Amino acid sequence: NAGVMQNPRHLVRRRGQEARLRCSPMKGHSHVYWYRQLPEEGLKFMVYLQKENIIDESGMPKERFSAEFPKEGPSILRIQQVVRGDSAAYFCASSPGQGRLMRGYTFGSGTRLTVV
Amino acid sequence: GENVEQHPSTLSVQEGDSAVIKCTYSDSASNYFPWYKQELGKGPQLIIDIRSNVGEKKDQRIAVTLNKTAKHFSLHITETQPEDSAVYFCAALSRGGSYIPTFGRGTSLIVHP
């Protein structure tokens, strides 16, 4: 998973603070996907972005959550006013393009967010 | 939308035994089925995939079968080794949709030496 870089690996926030999770896709990949994984559960899709565009945000909560993928720099998943229920592992994946098989779909190692 | 069910949630085997994990899907338009392995503290990694025009695919000790009529697909691991211990996820993807895969809830495989 060295190709997709996520940071930080672990993030602790107090209730009400903001959490910023970063994802740098693999070189040559222009599509980024964010997933949330709760303990004992699978990966839940949150948002799909291309450079400067949100393609699909159907899995992202309407409030407190936002995502961006600027022309320069990493993709950012931002959670405002965090609550204990936001504690989870957040994974980013990248792919070279839409419609490709998932052989090109690579996950990062995740950011484990703990809200205290 | 697509719904993927995965069973069992936990599977414990002895080293050398075979392990089978089963998934069902609901959307008949799904035509691509990857399997991921997630080791502790790491992100999921693709281990094998199958397209809907193929019934079976094998890669060394790992094989995947697909039954389109019944809408189910399975992962088979033979001669299991302790390093196979991990969480395995199946997924389904529809080319006609938004290219967002739907994942099963995962199977925790434990291989006892």
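The sections below set out a description of the structure shown in this document. (Residues numbered from 1 in each chain as written. Chains lettered and ligands numbered in written order. Predicted model: local features only at pLDDT ≥ 70, side-chain atom pairs only at ≥ 80, totals over all residues. Heavy atoms only, no water.)

1. Section: the overall build of chain A
Helix and strand counts for chain A stand at zero helices and eleven strands. Reading the helices (α) and strands (β) of chain A from amino to carboxyl end gives β-β-β-β-β-β-β-β-β-β-β. In summary, chain A has a C-alpha radius of gyration of 13 Å against a globular reference of 13 Å for 116 residues, a match within 12%. Over its C-alpha atoms, taken along the principal directions, chain A stretches across nearly 40 × 25 × 25 Å. Expressed as a percentage of its 116 residues, the buried residues of chain A come to 47%. Contacts in chain A between residues far apart in sequence, at least 24 positions, make up 53% of those at least 6 positions apart. On chain A, roughly 5,800 Å² of surface is accessible, and the fraction owed to carbon and sulfur atoms is 45%. In chain A, which carries 18 positive and 10 negative side-chain charges, the distance between the mean positions of the two groups comes to 6 Å. (Helix = DSSP H or I, 4+ residues; strand = E, 2+ residues; numbered from the N terminus. Rg over C-alpha atoms; globule rule 2.2 N^0.38 Å. Buried < 20%, exposed > 50% of the residue type's maximum accessible area, 1.4 Å probe, protein only. Contact = heavy atoms within 4.5 Å. Areas by Shrake-Rupley, 256 points an atom, 1.4 Å probe, with all protein chains shown as cover. Lys, Arg positive; Asp, Glu negative; His and termini not counted. Charge placed at Lys NZ, Arg CZ, Asp CG, Glu CD.)

2. Considering the layout of surface pockets
Empty space within the largest pocket amounts to approximately 570 Å³. Lining of the largest pocket is provided by 23 residues; of these, Gln37(A), Pro39(A), Glu40(A), Gln38(B) and Val87(B) occupy positions nearest its centre. Of all the elements in the fold, those that place two or more residues in the lining of the largest pocket are strand 9 (88–95) of chain A together with strand 9 (86–94) and strand 11 (107–112) of chain B. Among the residues forming the lining of the largest pocket, the class breakdown is eight nonpolar, nine polar and six charged. (1 Å grid on protein atoms, 1.4 Å probe; cavity = no way out; pocket = protein on both sides within 12 Å on 5 of 7 lines; lining within 4 Å. Points joined across faces, edges and corners; volume = space filled by probe spheres on them. Nonpolar A, V, L, I, M, F, W, Y, C, P; charged D, E, K, R; others polar.)

3. Structural notes on the interface of chain B and chain A
If you look at the interface, chain B gives 23 residues, while chain A gives 23 residues. Where chain B abuts chain A, roughly 2,000 Å² becomes buried across the two surfaces, and 57% of that area is made up of carbon and sulfur atoms. Looking only at chain B, the three residues that lose the most surface to chain A are Tyr99(B), Ile100(B) and Arg105(B), adding up to 26% of its buried area. Counting the contacts that link chain B with chain A gives zero salt bridges. The interface formed by chain B and chain A contains two residue pairs in polar contact (both at pLDDT 80 or more). A class-by-class count of the residues in the side of chain B that touches chain A yields eleven nonpolar, six polar and six charged. (Buried area = accessible area lost by both parts, 1.4 Å probe. Salt bridge = Lys/Arg side-chain N within 4 Å of Asp/Glu carboxyl O. Polar contact = N/O pair within 3.5 Å; in protein donor to acceptor, adjacent residues only side chain to side chain.)

4. Observations regarding the sheet that holds strand 6 (residues 56–59) of chain B
Residue and element names in this part refer to chain B. Taken together, the five strands give an open sheet; going across it, the order is 1-3-8-7-6, and neighbouring strands pair in antiparallel fashion. Strand pairing shows two members of the sheet lacking a second neighbour, strand 1 (4–7) and strand 6, which therefore form its edges. Here the average twist between neighbouring strands, direction ignored, is 15 degrees. For strand 3 (residues 19–25) and strand 8 (residues 72–77), the ladder comprises six bridges, and the chain directions are antiparallel. The residue bridging Ala19 from the neighbouring strand is Ile77, located in strand 8. (Pairing = 2+ DSSP bridges. Axes fitted to C-alpha atoms, helices over the stretch in contact; angles between N-to-C directions.)

5. Quick word on the sheet that holds strand 1 (residues 5–7) of chain A
Residue and element names in this part refer to chain A. Here we have four strands laid out as an open sheet, ordered 1-3-8-7, and antiparallel in their pairing. Lying at the two open borders of the sheet, with one neighbouring strand each, are strand 1 and strand 7 (65–68). Adjacent strand axes in the sheet meet at a mean angle of 15 degrees, parallel and antiparallel pairs treated alike. Strand direction decides the pairing type here: strand 7 and strand 8 (residues 75–79), joined by four bridges, are antiparallel. In the sheet register, Phe65 faces strand 8, and the bridge partner there is Ile79.

6. Some details on the environment of Leu21(A)
If you trace the backbone, Leu21(A) turns up in strand 3 (residues 19–24). Beyond its immediate stretch of four places on either side in the chain, Leu21(A) contacts Asn7(A), Leu11(A), Trp34(A), Ser75(A), Ile76(A), Leu77(A), Tyr90(A) and Thr111(A).

7. Some thoughts on the packing of aromatic side chains
Scanning the entire structure with this criterion turns up eleven aromatic pairs over all chains. Three or more aromatic residues joined by ring pairs make a cluster, and in this case those are Tyr35(A), Phe45(A), Phe107(A), Tyr36(B) and Phe103(B). (Phe/Tyr/Trp six-rings, centres within 6.5 Å; stacked < 30°, edge-to-face > 60°.)

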